Amino acid sequence: MELIENVHVCLNLPDLSEKTSLVRGIYNYYHYTCDGVDDRGWGCGYRTLQTICSWVHYELNINASFKEYPERKTGPVPTIQEIQKALRTMGDKPDSFVGSREWIGSVEVAMCIDFFYNVLCKILHLKSGSELKETVNEFHRHFDCFGSPVMMGGDRDCSSKGIMGICSTSEESYLLVVDPHYSGRSTTKETLQILEFVKWYPLSSFMESSFYNLCFPQLKSVMK
């Protein structure tokens with residue numbers, strides 16, 4: 001399984017950018033079918049979780065943060081089936097969930113990051129995409145302080161998104177979205193950017209008719 005690291009690198013910033021806060025450290029881009037499992041149409045939440053887990057795994061195994069926080073667990077990125085079994089073990093899902101094609105969202109992502117790595121997450125619930133403009137400072141603080149990837153999920157807008165940064169201009173703010181819906185053979189980060197699986201999305205583009213849950217892992221990167 002060949003995975004690409006940090007697929008946002010070299011993506012141009014929005015025009016007239018004034019303040020930009022980005023993920024720090026290293027993550028691998030997990031997407032549909034990347035490990036031979038055909039999860040097209042239902043696996044985007046799992047893939048975003050795996051992308052975040054790859055970041056956590058790197059921080060805890062390579063960087064000094066694991067030594068600073070010995071209560072953390074370390075381990076490889078879980079498979080989709082291991083994620084489903086973990087949610088069953090935690091009592092969140094029934095036995096029938098294992099091996100199913102049921103989706104997961106930001107709340108399940110937070111539970112799994114705690115289960116696999118003993119890393120807590122902060123959940124922020126927004127009633128509408130229009131409320132994202134009120135979270136600009138929250139996003140900047142998170143990336144400046146923690147530097148960890150963020151999970152974003154919703155209801156009407158049910159496509160999972162990995163958020164790797166925020167950029168603000170005088171007129172608009174943008175979220176850096178890493179979209180797990182790419183399906184195909186190995187590619188390059190340049191191709192993913194051209195195909196807009198890695199893209200800056202203006203906050204105004206998110207659906208007013210959808211709620212959104214945001215999952216902020218509370219693990220600080222030692223990368224500056």
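Below, the structure is looked at part by part. (Residues numbered from 1 in each chain as written. Predicted model: local features only at pLDDT ≥ 70, side-chain atom pairs only at ≥ 80, totals over all residues. Heavy atoms only, no water.)

Running from N to C, helix α3 (residues 80-89) and helix α4 (residues 106-117) cross one another at 90 degrees; their axes reach a closest spacing of 10 Å. Looking at the two axes, α3 sits roughly perpendicular to α4. Each of E82, I83, A86, L87 and T89 in α3 lies in contact with α4, whose residues at this interface are E108, M111, C112, F115 and F116. Residue composition of the contact of α3 with α4, grouped by class: seven nonpolar, one polar and two charged. (Axes fitted to C-alpha atoms, helices over the stretch in contact; angles between N-to-C directions. Helix = DSSP H or I, 4+ residues; strand = E, 2+ residues; numbered from the N terminus. Parallel < 35°, antiparallel > 145°, perpendicular 65-115°, else oblique. Contact = heavy atoms within 4.5 Å. Nonpolar A, V, L, I, M, F, W, Y, C, P; charged D, E, K, R; others polar.)

If you check helix α1 (residues 44-61), its first and last C-alpha atoms are 26 Å apart, about what 18 residues at 1.5 Å a residue would give, namely 26 Å. The buried count for α1 comes to 16 of 18 residues, which makes it a mostly enclosed element. (Expected span 1.5 Å × (residues − 1). Buried < 20%, exposed > 50% of the residue type's maximum accessible area, 1.4 Å probe, protein only.)

Once that is clear, we can look at α4. Here α4 contains twelve residues, and its C-alpha end-to-end distance of 16 Å stays within 8% of the 16 Å for a straight helix at 1.5 Å per residue. Of the residues making up α4, those classed as buried are S106, E108, V109, A110, C112, I113, F116 and Y117. The elements touched by buried residues of α4 are α1, α3, β2 (121-126), β3 (150-154) and β7 (212-217). At the exit of α4 stands N118, carrying a positive phi of roughly 60 degrees.

Attention now moves to the side chain of H8. Inspection of the secondary structure puts H8 in the segment before β1 (19-22). A residue is classified by how much of its surface remains accessible, and H8, at 9% relative accessible area, is buried. In contact with H8, other than residues within four places in its own chain, are V23, Y27, L176, Q193 and V198.

Turning to the pattern of salt bridges, a few remarks are in order. Think of it this way: side chains of opposite charge can pair up when their charged atoms draw near. Following the criterion strictly, the structure yields ten salt bridges and no others. Among the salt bridges present, the one from D35 reaches R47, with a minimum N-O distance of 2.8 Å. One end of the pair, D35, is in the loop between β1 and α1; the other, R47, is in helix α1, and twelve residues separate them in sequence. For R47, a relative accessible area of 0% corresponds to the buried category. Shared partners join several salt bridges into a network, and the residues in it are D35, D39 and R47. (Salt bridge = Lys/Arg side-chain N within 4 Å of Asp/Glu carboxyl O.)

Moving on: empty space enclosed by the protein. According to the stated counting rule, one finds one cavity of 30 Å³ or more in the structure shown. In this model, the largest cavity occupies a volume close to 40 Å³. Surrounding the largest cavity, E2, L3, I4, Y29, H31, Y182, S186, T187 and L192 form its lining. Its residues assigned to classes, the lining of the largest cavity comprises five nonpolar, three polar and one charged. (1 Å grid on protein atoms, 1.4 Å probe; cavity = no way out; pocket = protein on both sides within 12 Å on 5 of 7 lines; lining within 4 Å. Points joined across faces, edges and corners; volume = space filled by probe spheres on them.)

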